[in-house]
Amino acid sequence: MKIFLVYGGKSAEHDVSILSAFSILQAIYYNYYSVQLVYITQDGNWLKGRIYNEAPLNEDDLRLTIANAQPILPSDLKEGNAVIFPVLHGPNGEDGTIQGLFEVLNMPYVGAGVLASACAMDKIIGKQLFQQVGIPQLPYVAVTKNGYKDHQGEILAECEGSLIYPMFVKPANMGSSVGISKAESRDELIQAIDEAFRFDRRVIVEQGIEARELEIAVLGNDEIRTTLAGEIVKDVAFYTYESKYLDNKVELQIPADISGELQETLQYYARKAYQTLDGSGLSRCDFFLTANNEVFLNEVNTMPGFTPFSMYPLLWQNMGLNYGDLLEELIQLAKLRFEKKQQIEVEQL
Ligand SMILES: Nc1ncnc2c1ncn2[C@@H]1O[C@H](COP(=O)(O)OP(=O)(O)O)[C@@H](O)[C@H]1O
Ligand SMILES: [Mg+2]
């Protein structure tokens, strides 16, 4: 069977995506699959590269150019007996848009579907859904650009009335900490909101807290499994793009040093969040834990970082599922979901 490995992309996480794709190429079971590269350049062009039957040696082999790869349209991906494995993060990759393309092409693909991807990516919609099912979250105020233009004073007063400084201001639809800032005063709040509006028409102003950051990995379609939580041990004020991917300033503690009871609470909410979104394939659920053991869901990532040093695969490693077997499970889950959907279509005829 053929796997189309789709990676790169227009988002800030382009390089992380290449790293994840390279790691996948090292570990995938070539006795079952051949892997064809599909690279989305930083400007959004699609290039179809070579087919691998064994692991490439060099990460730079993945930075395709028109000299060594064929420009294609996204719809040219259509092929029978193939599974698409997208390892794209952020807008256009993790937000349901590309998943919609795969649905239209009627091909199986790894990871969450359109709905779960879109809802998890949007910090406002995500919060509203999780609120409905009683998952604890930090208080927030949602702000739209238009509303803010006409009612800035009221909106700032609403933030200061329901939240206390520091506040975290985030674009609704980004990822990897892009456009996020911490505000300690009204002046900083105004600046932070302006900054977030550079990236999106909708932003969220959220209560800032001092908390530990814990993450749970979820795997499955209708039947789901969760890992024990891992912790991101920080020596930086907040988990920025640089600290996440470039400076190595964070350390992962797996499993997190917390009580069994807290582990269960986190697993319970991770499962509930996943089911609320109608998750499938995989997700990483990120939580805050305060000094007095209060738990808040921060966000769900439907395509978490996927290098062998990333939290998601390491959480599974800790449960006894190695990287290669994890890839295999994800591919099988993609096929299963596709087959079930086909079956429903056939039954309707
Ligand atoms: N309300 C908050 N209080 C304290 N720290 C926060 C808060 N919100 C975000 N952070 C910090 O900022 C990081 C990025 O925020 P997050 O909401 O996870 O956005 P992204 O989608 O970019 O990952 C978090 O991992 C955490 O370190
Ligand atoms: Mg995050």
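Bear in mind the structure is a predicted one, so any value in this text is a computation, not a measurement.

### Details of the pattern of salt bridges
A complete count under the given rule lists 15 salt bridges for this structure. Between Lys2 and Glu79 there is a salt bridge, and its shortest N-O distance comes to 3.2 Å. Pair noted here: Lys2 is in strand β1 (residues 2-8) and Glu79 is in the loop between β4 (70-72) and β5 (82-87), with a separation of 77 residues, a long-range link. A salt bridge links Glu299 to Lys123, with the nearest nitrogen and oxygen atoms 3.1 Å apart. Taken together, the residues span a long stretch of sequence, with Glu299 in strand β15 (residues 295-301) and Lys123 in helix α4 (residues 123-132) at a distance of 176 residues.

### Remarks on the sheet that holds strand β3 (residues 46-52)
One open sheet accounts for 5 strands, arranged β4-β3-β2-β1-β5; its pairing is mixed. The open sheet terminates on both sides in strands that have one partner only, identified here as β4 and β5. When strand polarity is set aside, the average angle formed by the axes of neighbouring strands in this sheet is 30°. With 5 bridges joining them, strand β2 (residues 34-40) and β3 adopt antiparallel strand pairing. Note that in β3 the partner of Tyr39 across the bridge is Leu47. Each of β1, β2, β3 and β5 touches helix α1 (residues 14-27); the most contacted strand, β1, lies at about 155° to it. Taken strand by strand, helix α10 (residues 323-348) contacts β1 and β5, and its axis lies near 120° from that of β5.

### Some points on the packing of α1 against α10
Where α1 meets α10, the axes come as close as 9 Å, and the angle between the chain directions of the two elements is 100°. Between α1 and α10, the interaxial angle falls into the category roughly perpendicular. Only Tyr323, Gly324 and Leu327 of α10 make contact with α1, whose side of the interface consists of Ser20, Ser23, Ile24 and Ala27. Split by residue class, the contact of α1 with α10 holds 4 nonpolar, 3 polar and no charged.

### Remarks on the sheet that holds strand β9 (residues 202-207)
Here we have 4 strands laid out as an open sheet, ordered β6-β9-β7-β8, and antiparallel in their pairing. The sheet terminates laterally at β6 (140-144) and β8 (181-183), the two strands that pair on one side only. Going from strand to strand, the sheet's axes swing by 25° on average, the running direction of each strand aside. Those strands touched by α4 are β6, β7 (167-171) and β9, and its axis lies near 55° from that of β9. Sitting on the sheet, helix α5 (residues 145-162) touches β6, β7 and β9, and the angle it makes with β6 is about 170°.

### A word on the domain arrangement of the chain
Assigned domains of the chain: these are domain 1 (2-109), domain 2 (139-207) and domain 3 (210-337). Domain 1 and domain 3 are separated by 24 Å when their C-alpha centres are compared. The interface is formed by 22 residues belonging to domain 1 together with 22 residues belonging to domain 3. Here domain 1 packs against domain 3, burying approximately 1800 Å² in sum over the two surfaces, 64% of which is carbon and sulfur.

### Digging into the nonpolar core
Most often, soluble globular proteins keep nonpolar side chains buried together rather than apart. Judged by nonpolar contacts, the single largest core of 43 residues is most densely connected at Leu5, Tyr7, Ile24, Ile28, Phe85, Val87 and Phe306. With 7 residues, α10 is the largest single contributor of residues to this core. Filtering out sequence-adjacent residues up to four positions away, Val87 remains in contact with Leu5, Val6, Tyr7, Ser17, Ser20, Ala21, Ile24, Met303 and Phe306. Within the second largest apolar cluster, 26 residues are counted, among which are Ala120, Ile258, Leu262 and Val300.

Calculation notes
- Residues numbered from 1 in each chain as written.
- Chains lettered and ligands numbered in written order.
- Predicted model: local features only at pLDDT ≥ 70, side-chain atom pairs only at ≥ 80, totals over all residues.
- Heavy atoms only, no water.
- Salt bridge = Lys/Arg side-chain N within 4 Å of Asp/Glu carboxyl O.
- Helix = DSSP H or I, 4+ residues; strand = E, 2+ residues; numbered from the N terminus.
- Pairing = 2+ DSSP bridges.
- Axes fitted to C-alpha atoms, helices over the stretch in contact; angles between N-to-C directions.
- Contact = heavy atoms within 4.5 Å.
- Parallel < 35°, antiparallel > 145°, perpendicular 65-115°, else oblique.
- Nonpolar A, V, L, I, M, F, W, Y, C, P; charged D, E, K, R; others polar.
- Domains from an automatic or database assignment.
- Buried area = accessible area lost by both parts, 1.4 Å probe.
- Core = buried A, V, L, I, M, F, W, Y, C linked by side-chain atoms within 4.5 Å.
- Buried < 20%, exposed > 50% of the residue type's maximum accessible area, 1.4 Å probe, protein only.

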